[in-house]
Amino acid sequence: MDTEPVTDAGTSMERIDRLCTRVYLGLREHQLAPQDVVELACELLDWGHSWEAVREVVERDPAQVPASEMADLARRILEKTGFDPGFDLAPERLAVLRQALRVVARDLPTAGIDGEPRLVLLEEFTPVSAGIELSDGRLLVGDGGLHACAGDTPAGAVTAVADLIQDDLMKQTWQVWPVCSDHRLGLHAATHQGAAVWWCAGGDEHAAALIGELAYHRRSVH
Ligand SMILES: [Zn+2]
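Residues numbered from 1 in each chain as written. Predicted model: local features only at pLDDT ≥ 70, side-chain atom pairs only at ≥ 80, totals over all residues. Heavy atoms only, no water.

Some thoughts on the confidence of the model for the protein
Going by this rule: pLDDT expresses, on a scale from 0 to 100, how confident the predictor is about each individual residue. Residues are treated as being in contact if the distance between any of their heavy atoms lies within 4.5 Å.
Summarising the model, the protein shows a mean pLDDT of 92, and 93% of its residues fall at 70 or more. Every residue in residues 1–7 scores below 50 in pLDDT, and together they form 0 contacts with partners more than four places removed in sequence or on other chains.

Here's what the structure looks like:
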């Protein structure tokens, strides 16, 4: 039957995904079951993924592998598979994005936008992403919304939120915002030396302001 390999592949992928979830939660809750890592490694090996960490898990006796080493191997395997816990398994990412939105919102009055924007889950996307609803009801989703991994680091979250808002506002209003007061160029959200900044390509390139401090910066330079 033509459909058989596809069904097998689907089942195998689902099994890998389920095992990845178990291993991820095990790592997260400090209750990693070595057997789950071994099962995942065997499944991946069957699937043709003979990554170094996979081979090591399969070849060693799990009883002889210290817990910290097993955890490290598990992390390396998860990274290789590209497993993403999304918002479901890592809900703290939502909190990070909400906090990031509060920071970016401080800059919005300079674009003529008042009121508190809020983060909304976009369940129609797989995996589920996040969009931003302005207080006037306008929904900004950019290119498929913010992926859950945007909430992995605070500075990265601020940059991602600012980028989405700026991009969507530009498309809606055709106005360049924000603008560098020195070079009269449109600024872009960027992470520079660990901080989320509005970046200017003018001159020798520079950070025009920290994201969230645009209004303060403008007042201070004029
Ligand atoms: Zn500039």
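Section: the sheet that holds strand β2 (residues 129–133)
Let me state the cut-off plainly: Any two strands with at least two DSSP-identified bridges between them are counted as paired. Working definition: helices are DSSP H or I runs of at least four residues, strands are E runs of at least two. Numbering for both runs from the N terminus. Only the contacting stretch of a helix is used when fitting its axis, a line to C-alpha atoms as for every element, and angles between N-to-C directions run 0 to 180 degrees.
Pairing is antiparallel in the open sheet, where 3 strands are placed in the order β1-β2-β3. Two strands close off the open sheet at either side, each with one partner strand: β1 (118–122) and β3 (139–140). Pairing analysis gives 2 bridges linking β2 to β3, with the strands arranged antiparallel. Paired with glutamate 133 across the strands is leucine 139, a residue of β3. Sitting on the sheet, helix α5 (residues 92–105) touches β1 and β2, and the angle it makes with β1 is about 140°.

Observations regarding the coordination of the zinc ion
The criterion, for reference: For Na, K and Ca the donor cut-off is 3.2 Å, while for other metals it is 2.8 Å, and in both cases only N, O and S atoms qualify; water is not among them, so sites may look incomplete. All geometry calls rest on donor angles, where a four-donor set with angles between 85 and 135 degrees is tetrahedral, four- and six-donor sets with opposite donors more than 155 degrees apart and all others between 65 and 115 are square planar and octahedral, and all else is irregular.
For the zinc ion, the full set of protein donor atoms is Cys180 (SG), His183 (ND1), Cys200 (SG) and His206 (NE2), and the range of their distances to it is 2.1 to 2.3 Å. Given 4 donor atoms and angles of 102 to 114° at the metal, the environment of the zinc ion is assigned as tetrahedral. Linear spacing of the donor residues for the zinc ion on their chain is C-x2-H-x16-C-x5-H. Of this pair, histidine 183 sits in the loop between α6 (154–173) and β4 (188–192) while cysteine 200 is found in strand β5 (residues 195–200), placing the two residues 17 residues apart along the sequence.

Digging into the domain arrangement of the protein
Bring the parts together and some accessible area is lost; that lost area is often taken as the interface size. Put simply, the test is: Where each domain begins and ends is defined by an automated method or by a domain database.
Considered domain by domain, the protein is made up of domain 1 (4–81) and domain 2 (92–221). Domain 1 and domain 2 are separated by 37 Å when their C-alpha centres are compared.

With respect to the pairing of β2
Short version of the rule: When a residue's accessible area, from a 1.4 Å probe over protein chains only, is under 20% of the maximum for its type it is buried; when over 50% it is exposed; and in between it is partly exposed.
Most of β2 is tucked away, with 4 of its 5 residues classed as buried. Remark: 6 residues form the turn of the hairpin made by β1 and β2, two consecutive strands paired antiparallel. Between β2 and β3, which pair antiparallel and follow one another directly, the connecting turn spans 5 residues, one of which, glycine 137, has a positive phi of 95°.

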